[in-house]
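For reference, the chains in residue letters:
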Amino acid sequence: MTQKLNLPPRVAEKDLADLYKQMWQIRFFEEKVDEFFAKGMIHGTTHLAVGQEASAVGSIAVLEDRDKITSTHRGHGHCIAKGAEVNGMMAELFGRTTGYCKGKGGSMHIADVEKGNLGANGIVGGGFAIATGAALTSQMKKEGFVVLCFFGDGASNEGSFHEAINLASIWKLPVVFICENNQYGMSGPAKEMMNVGNVAQRAESYGIPGKVVDGNDIFDVMNGVGEAVDRARNGEGPSIVEAKTYRWKGHSKSDAKKYRTREEEKEWRLKDPIERMRLILVVEGLLTEEEAEKIKADAKEEVEGSVDFAANSPHPTLDDLMEDIYA
Amino acid sequence: MRELTYLEAVREAMSQEMRQNEDVFILGEDIGVYGGAFGVTRGMIEEFGPERIRNTPISEAAISGTAVGAALTGMRPILELQFSDFITIAMDNMVNQAAKIRYMYGGKGKVPMVLRTPAGSGTGAAAQHSQSLEAWMTHIPGLKVVQPSTAYDAKGLLKAAIDDDNPVIFYEHKLCYKTKSDVPEESYSIPLGKADVKREGKDATIVATAIMVHRSLEAAAELEKEGISVEVIDPRTLVPLDTETIIESVKKTSRLVVVHEAVKRGGFGGEIASVIAESEAFDYLDAPIKRLGGKAVPIPYNPELEKAAIPGVDDIINAVKETVNRL
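These notes cover the structure that comes with them. Just so we're clear, the structure is a prediction, and the values are computed from it rather than from any experiment.

Focus on the overall build of chain B
Piece 1. Scanning chain B for helices and strands turns up twelve helices and 14 strands.
Piece 2. Here chain B has a C-alpha radius of gyration of 20 Å; the compact-globule value for 327 residues is 20 Å, and the two agree.
Piece 3. In terms of principal-axis extent, the alpha carbons of chain B reach across some 60 × 45 × 40 Å.
Piece 4. When each of the 327 residues of chain B is scored for burial, the buried share is 63%.
Piece 5. For chain B, restricting intrachain contacts to residue pairs at least 6 apart in sequence, the fraction spanning at least 24 positions comes to 83%.
Piece 6. Within the structure as shown, chain B displays about 12300 Å² of accessible surface, and the carbon and sulfur contribution to it stands at 50%.
Piece 7. Of the charged side chains in chain B, 36 are positive and 47 negative; the average position of the first set lies 1 Å away from that of the second.

This is how it looks when you write it as structure tokens:
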């Protein structure tokens with residue numbers, strides 16, 4: 001059967017419905033979390049990636065199961081795309097023992113090391129070197145896995161960006177650095193915080209490929225990242241892929257968004273990555289309108305179910321406080 | 001039994017572990033053909049090759065994080081930092097990543113790495129290459145802190161550190177590198193958290209670390225001539241700390257002098273003094289606890305000033321006498 005769409009080798013047309021569903025799971029999960037924070041039903045803070053679903057799902061779609069990722073403070077999407085159960089994620093945000101971190105990590109620290117999610121990170125730029133180290137393990141033990149390191153435009157101004165990418169480039173490590181450029185590091189516009197237009201341009205100074213993709217077009221993301229992952233797996237070393245996107249919500253739960261205009265937000269909402277994927281799938285006849293609706297409804301139901309799961313899960317006991325600490 | 005220098009003992013511990021376990025490797029600056037800033041890894045690249053004696057760029061942030069990522073995915077890295085002062089640049093990865101990952105991820109995921117680094121003054125290297133910053137690290141739940149004073153201890157403690165499934169900061173004192181002691185040829189382990197009574201005595205207890213163990217033993221030998229019997233305890237590991245041995249000794253001698261090279265203000269001596277103040281040994285004290293530590297000043301270049309910045313043998317002798325003569 002000939003393929004209607006230009007897809008990387010790892011992704012088949014039959015996989016697209018699943019990817020479409022993941023996008024909706026992320027969207028519903030985050031909207032639910034947003035609602036709970038607004039109502040004060042869960043505490044702490046959270047960083048939402050609503051509007052950025054395609055860069056997470058598209059990047060991880062080209063991975064094999066054995067591959068690994070490092071995520072960021074804005075990491076719910078990466079988690080879901082890497083196969084995390086929304087039940088365990090929601091329970092974590094509720095601070096329950098059934099959460100991914102037994103309720104001790106919260107939104108910013110969800111990890112599933114066994115499944116190759118080496119963790120979200122509360123330190124901006126904290127993942128660069130960890131991803132590089134994981135890629136070193138792959139190379140030294142000849143395990144063949146590739147590591148995706150997600151980071152934002154803001155993190156590319158951290159010193160750890162330079163040190164880790166330089167190291168990865170000289171050792172030709174199997175790691176791909178994925179910049180989700182959502183235009184703002186908290187309130188700081190990327191265009192005011194760096195003197196180059198694209199983070200991907202910085203790749204040149206490490207002698208590695210740097211590519212810009214449309215972060216709201218899952219097909220463009222898959223093709224761009226797919227190429228970089230193949231290259232890494234073939235022993236040709238790291239790349240930077242920059243996905244241009246936009247976060248619809250504020251930086252965290254308390255953000256009046258004074259640093260940008262409502263018009264700009266509206267413009268980006270018209271580029272909704274989920275709607276764009278739906279249109280393509282329907283127009284190409286890979287999904288009927290009804291099937292698309294059903295997938296969306298299923299995703300919503302799963303997220304609703306995760307709320308029940310979380311709310312009915314036990315709280316940790318005070319005896320759990322000192323568990324898992326060794327020094 | 002044969003004698004080895006402290007430096008040779010550290011090297012032997014690493015070489016023996018590397019022969020036994022393919023997952024153990026060393027990374028650091030100039031550790032290859034150069035043999036490391038102090039020559040600790042000299043000859044190792046010839047035996048183990050550049051894959052496992054991994055020369056890195058001057059990038060403390062990247063190499064510490066790379067060690068974390070490699071450890072998290074199945075390796076057992078030993079990271080050499082040329083001078084312990086440079087831990088400031090590696091601090092984020094040690095404090096925010098290595099120390100926290102296991103707990104923050106709900107017990108899933110471990111970081112078996114050792115950060116080895118030479119500390120202390122006495123080499124004329126002045127303010128940025130002479131510090132003793134171990135108290136910082138002891139303040140962080142999730143980091144073990146080791147400070148051997150003899151060749152025998154260095155070898156056994158380093159094996160225990162490499163075998164440990166959690167991050168260990170291993171401080172080597174530069175002035176100890178050339179000191180010698182009897183060291184068995186076979187591999188052996190000294191458990192972390194077990195103090196060593198370096199000299200038994202009955203009139204006063206000195207708890208000393210690193211080079212100050214040697215100074216305290218000199219002081220004790222002098223004091224013996226005057227009929228004062230001093231017990232010298234080397235905790236060997238600050239985290240975990242063998243409080244029992246210290247408490248028992250103070251109950252016996254009723255007097256305590258704590259000596260370290262690190263700046264007294266905020267130094268680990270305060271912790272040891274507090275352990276006694278909070279224990280049943282407090283009731284046995286016949287004199288206030290005395291703390292000796294470095295003056296609150298950057299280590300100066302001039303050799304006389306450098307010496308004056310930290311406790312010397314005479315200071316220890318005087319402190320013990322003051323403690324013993326107080327009725």
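Still to come is the rest of the account.
Structural notes on the pattern of salt bridges
Residues and elements named next belong to chain A.
Piece 1. Taken as a whole and judged by the stated rule, the model has 49 salt bridges over all chains.
Piece 2. In this structure, glutamate 64 and arginine 66 form a salt bridge, with 2.7 Å as the shortest nitrogen-oxygen distance.
Piece 3. A salt bridge links arginine 276 to aspartate 214, with the nearest nitrogen and oxygen atoms 2.8 Å apart. You can see arginine 276 sitting in helix α10 (residues 273–283) and its partner aspartate 214 sitting in strand β6 (residues 210–214), a full 62 residues away along the chain.
Piece 4. The partly exposed category is assigned to aspartate 214, whose relative accessible area is 27%.
Piece 5. Bridged by salt links that share partners, the residues Lys32, Glu35, Lys39 and Glu304 form one connected network.

Let's talk about the sheet that holds strand β14 (residues 290–294) of chain B
Residues and elements named next belong to chain B.
Piece 1. One open sheet accounts for five strands, arranged β9-β11-β10-β13-β14; its pairing is mixed. Each end of this open sheet is capped by a strand with a single partner; those strands are β9 (196–199) and β14. Ignoring which end each strand starts from, the neighbouring axes of this sheet average 25° apart.
Piece 2. Bridge count between β9 and strand β11 (residues 230–234): three bridges; the pairing is antiparallel. Within β11, the position partnered with aspartate 196 by the bridge is aspartate 234.
Piece 3. The sheet strands contacting helix α8 (residues 211–225) are β9, β10 (204–208), β11 and β13 (256–263), and the helix crosses β11 at an angle near 170°.
Piece 4. Docked against the sheet, helix α12 (residues 313–325) engages β10, β11, β13 and β14, running at close to 165° with respect to β14.

Quick look at the pairing of strand β7 (residues 168–173) of chain B
Residues and elements named next belong to chain B.
Piece 1. Of all six residues making up β7, six are buried, and the element is well covered by its neighbours.
Piece 2. Across the two faces of β7 the burial is the same, with Val168, Phe170 and Glu172 and Ile169, Tyr171 and His173 all buried.
Piece 3. Where strand β5 (residues 114–119) lies against β7, six bridges are found, and the strand directions are parallel. Bridge pairing links leucine 115 to isoleucine 169 in β7.

Considering the packing of helix α6 (residues 159–170) of chain A against helix α3 (residues 60–72) of chain B
Piece 1. Running from N to C, α6(A) and α3(B) cross one another at 65°; their axes reach a closest spacing of 8 Å. Between α6(A) and α3(B), the angle is such that the two are roughly perpendicular. In the packing of α6(A) onto α3(B), the handedness of the crossing is right-handed. Along its contact with α6(A), which presents Glu163(A), Ala164(A) and Leu167(A), the element α3(B) presents Glu60(B), Ala61(B), Ala62(B), Ile63(B) and Thr66(B).
Piece 2. A breakdown of the residues in the contact of α6(A) with α3(B) according to their chemical character gives five nonpolar, one polar and two charged.

Overview of the side chain of Thr205(B)
All names here are of chain B.
Piece 1. Note on placement: threonine 205 falls in strand β10.
Piece 2. Judged by relative accessible area, which is 0%, threonine 205 ranks as buried.
Piece 3. Only 2.7 Å separates the side chain of threonine 205 from the side chain of threonine 253, close enough to count as a polar contact.
Piece 4. The contact partners of threonine 205, leaving out residues within four places of it in the chain, are Glu231, Ile233, Ser249, Val250, Thr253, Arg255, Leu256 and Val257.

Section: the sheet that holds strand β12 (residues 237–239) of chain B
All names here are of chain B.
Piece 1. The seven strands are arranged β3-β2-β4-β5-β7-β6-β12 in an open sheet whose pairing can be described as mixed. The open sheet has two edge strands with one neighbour each: β3 (53–55) and β12. The mean inter-strand angle of the sheet, taken between neighbouring strand axes irrespective of direction, is 20°.
Piece 2. Alignment of strand β2 (residues 24–28) against β3, held across three bridges, turns out to be parallel.

Re the layout of surface pockets
Residues and elements named next belong to chain A.
Piece 1. In this model, the largest pocket occupies a volume close to 470 Å³.
Piece 2. Residue lining of the largest pocket: 33 residues in total, with His73, Val124, Gly152, Gly154 and Ala155 positioned closest to the centre.
Piece 3. Looking at the lining of the largest pocket, the elements that each hand over two or more residues are α5 (127–140), β2 (147–152), β4 (184–185) and α7 (190–193).
Piece 4. Broken down by element, the residue count for the lining of the largest pocket peaks at four residues, all from β2.
Piece 5. Grouping the amino acids of the lining of the largest pocket by side-chain chemistry returns 13 nonpolar, 17 polar and three charged.

Structural notes on the interface of chain A and chain B
Piece 1. Counting from both sides, the interface comprises 38 residues of chain A and, opposite them, 42 residues of chain B.
Piece 2. Summed over both sides, the interface of chain A with chain B buries roughly 3200 Å², with 65% coming from carbon and sulfur.
Piece 3. Area buried by chain A at its contact with chain B is led by Met140(A), Glu163(A) and Tyr326(A), which between them contribute 22% of it.
Piece 4. Put simply, chain A and chain B have one salt bridge between them.
Piece 5. The salt bridge involving Asp23(B) is made with Lys141(A); its shortest N-O contact spans 2.6 Å.
Piece 6. Counting the contacts that link chain A with chain B gives 16 residue pairs in polar contact (both at pLDDT 80 or more).
Piece 7. Counting only elements with at least two residues in the side of chain A that touches chain B, the list comes to α5 and α6 of chain A.
Piece 8. By residue number, the principal contributor to the side of chain A that touches chain B is α5(A), which donates nine residues.

Focus on empty space enclosed by the protein
All names here are of chain B.
Piece 1. Across all of its chains, the model carries six cavities of 30 Å³ or more by this definition.
Piece 2. Approximately 80 Å³ is the volume found for the largest cavity.
Piece 3. As for the largest cavity, its lining consists of 14 residues, of which Ser132, Glu134, Gln147, His173 and Ala210 are closest to the centre.
Piece 4. Looking at the lining of the largest cavity, the elements that each hand over two or more residues are β7 and β13.
Piece 5. Its residues assigned to classes, the lining of the largest cavity comprises five nonpolar, six polar and three charged.

The rules we used
Residues numbered from 1 in each chain as written. Chains lettered and ligands numbered in written order. Predicted model: local features only at pLDDT ≥ 70, side-chain atom pairs only at ≥ 80, totals over all residues. Heavy atoms only, no water. Helix = DSSP H or I, 4+ residues; strand = E, 2+ residues; numbered from the N terminus. Rg over C-alpha atoms; globule rule 2.2 N^0.38 Å. Buried < 20%, exposed > 50% of the residue type's maximum accessible area, 1.4 Å probe, protein only. Contact = heavy atoms within 4.5 Å. Areas by Shrake-Rupley, 256 points an atom, 1.4 Å probe, with all protein chains shown as cover. Lys, Arg positive; Asp, Glu negative; His and termini not counted. Charge placed at Lys NZ, Arg CZ, Asp CG, Glu CD. Salt bridge = Lys/Arg side-chain N within 4 Å of Asp/Glu carboxyl O. Pairing = 2+ DSSP bridges. Axes fitted to C-alpha atoms, helices over the stretch in contact; angles between N-to-C directions. Parallel < 35°, antiparallel > 145°, perpendicular 65-115°, else oblique. Left-handed = near helix turned anticlockwise from the far one by under 90°. Nonpolar A, V, L, I, M, F, W, Y, C, P; charged D, E, K, R; others polar. Polar contact = N/O pair within 3.5 Å; in protein donor to acceptor, adjacent residues only side chain to side chain. 1 Å grid on protein atoms, 1.4 Å probe; cavity = no way out; pocket = protein on both sides within 12 Å on 5 of 7 lines; lining within 4 Å. Points joined across faces, edges and corners; volume = space filled by probe spheres on them. Buried area = accessible area lost by both parts, 1.4 Å probe.

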